[in-house]
Amino acid sequence: METTNDWKNYIEVNRKLWNDKTPAHIESEFYDMKSFLSGKSSLNDIELQLLGDVQGKRILHLQCHFGQDSLSLARMGAQVTGIDLSDEAIATAKDLAKELGLNTTFIRSDVYATPEELNGQFDIVFTSYGTIGWLPDLNKWADVIYRCLKPGGKLIFVEFHPMVWMFSNDFSNIQYPYFNTEPIIETNEGTYADRNADIKNTEISWNHPLSEVLQALIASNLQLSSFEEFNYSPYNCFLNTVEIEKGKYQIKGLEGKIPMVYALEALKK
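Definitions and cut-offs
Residues numbered from 1 in each chain as written. Predicted model: local features only at pLDDT ≥ 70, side-chain atom pairs only at ≥ 80, totals over all residues. Heavy atoms only, no water. Helix = DSSP H or I, 4+ residues; strand = E, 2+ residues; numbered from the N terminus. Rg over C-alpha atoms; globule rule 2.2 N^0.38 Å. Buried < 20%, exposed > 50% of the residue type's maximum accessible area, 1.4 Å probe, protein only. Contact = heavy atoms within 4.5 Å. Areas by Shrake-Rupley, 256 points an atom, 1.4 Å probe, with all protein chains shown as cover. Pairing = 2+ DSSP bridges. Axes fitted to C-alpha atoms, helices over the stretch in contact; angles between N-to-C directions. Arc of directions from axis to C-beta.

**Q** Can you tell me about the overall build of the protein, naming the residues and giving the values?
**A** Scanning the protein from N- to C-terminus turns up eight helices and eleven strands. For a compact globule of 269 residues, the expected C-alpha radius of gyration is about 18 Å, and the protein comes in at 18 Å, within 12% of that figure. For the protein, the C-alpha atoms occupy an extent of roughly 45 × 40 × 40 Å along the three principal directions. The proportion of buried residues among the 269 residues of the protein is 54%. The long-range share in the protein, meaning contacts at least 24 apart out of those at least 6 apart in sequence, stands at 72%. When the accessible surface of the protein is split by element, carbon and sulfur atoms take 46% of a total near 12600 Å².

**Q** Tell me about the sheet that holds strand E5 (residues 149-160), residues and numbers included.
**A** Across the sheet, seven strands lie side by side as E3-E2-E1-E4-E5-E11-E8; this open sheet has mixed pairing. The two strands at the open ends of the sheet, each matched to only one other strand, are strand E3 (105-108) and strand E8 (222-230). Sheet twist, expressed as the mean angle between neighbouring strand axes with direction ignored, is 15 degrees. For strand E1 (residues 58-62) and strand E4 (residues 122-128), the ladder comprises three bridges, and the chain directions are parallel. Note that in E4 the partner of isoleucine 59 across the bridge is isoleucine 124. Of the strands in this sheet, E1, strand E2 (79-84), E3 and E4 touch helix H4 (residues 68-75), which is tilted by about 175 degrees from E2. Sitting on the sheet, helix H5 (residues 87-100) touches E2 and E3, and the angle it makes with E3 is about 165 degrees.

**Q** Can you tell me about the environment of isoleucine 132, naming the residues and giving the values?
**A** Turning to its location among the elements, isoleucine 132 is positioned in the loop between E4 and helix H7 (138-148). Its relative accessible area of 3% is what places isoleucine 132 among the buried residues. For isoleucine 132 and lysine 248, which are 116 residues apart along the polypeptide, the C-alpha to C-alpha distance reads 22 Å. Those residues in contact with isoleucine 132 that lie beyond four places of it in its chain are Gln63, Leu138, Trp141, Phe157, Glu159, His208, Val213 and Tyr262.

**Q** Tell me about the pairing of strand E10 (residues 248-251), and name the residues and values.
**A** Here strand E9 (residues 241-245) runs beside E10; their pairing, made up of four bridges, is antiparallel. For valine 242, the partnering residue across the bridge sits in E10 and is glutamine 250. Turn length for the E9-E10 hairpin, with the two strands adjacent in sequence and antiparallel, is two residues, and the turn residue glycine 247 shows positive phi of about 80 degrees.

**Q** Quick rundown of helix H8 (residues 210-219)? Include the residues and the values.
**A** Among the residues of H8, Leu210, Val213, Ala216 and Leu217 are the ones counted as buried. With its buried residues spanning 135 degrees around the axis, H8 presents them on a single face. Exposed side of H8, more than 90 degrees from the buried face: Ile218 and Ala219 are the residues found there. Just downstream of H8 lies asparagine 221, where phi reads positive at about 65 degrees.

On their own, these measurements won't tell you what the molecule is for.
In structure tokens, the structure reads:
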């Protein structure tokens, strides 16, 4: 791990990272495009329980990658707008929407610029799994959510637990702080969806403790209505995992001992 205060170019560094990841992800077994194109939803029970019936709802999906979850929501009857930093991801999402005949809008944008890209307010802002770690300032993030929600609208947020990000990649030791003390700058090969992908990139990220997440929402006048932690990941995206039951993964040797995901709902009054 390298750390530095010179992280101001993080948007372009991470844009390149995700531009390079996207083609490998599309071809990976992890994202299983064949099943998705045949009608399988990419959404998990955790977020589906919080989302409820989305028929006719206007949903803003922040950091949507190449659009599988956005398009799954559209298949459920929602009117979806997806935002992502990556040129490659947004281009792919648009192609998928056209191929599937779904009237879904995709916009390439930095999260913080989202309110300037959109008109109107949404019933739901949705974001999930590996998103806020790419953002340095959660107060700005929560403010974007508040500005994009209509009165009575809600944030549905599912994320990997900050405790997970404290560990080394193989979960053999504690390597990173729980608290957001400085940016984490690394150079990694491959990607969680394909460890053997011919990719090598610098990435800049931040670990955000739960207190920082919750305080950012409170400061932006969003009212927490539910919060839950889970001792498994619905994705097999970490090293040294065991599948405790179908679609639920824990870290070998730490089964049931650490939180891996949390989920919350917050309302705009």
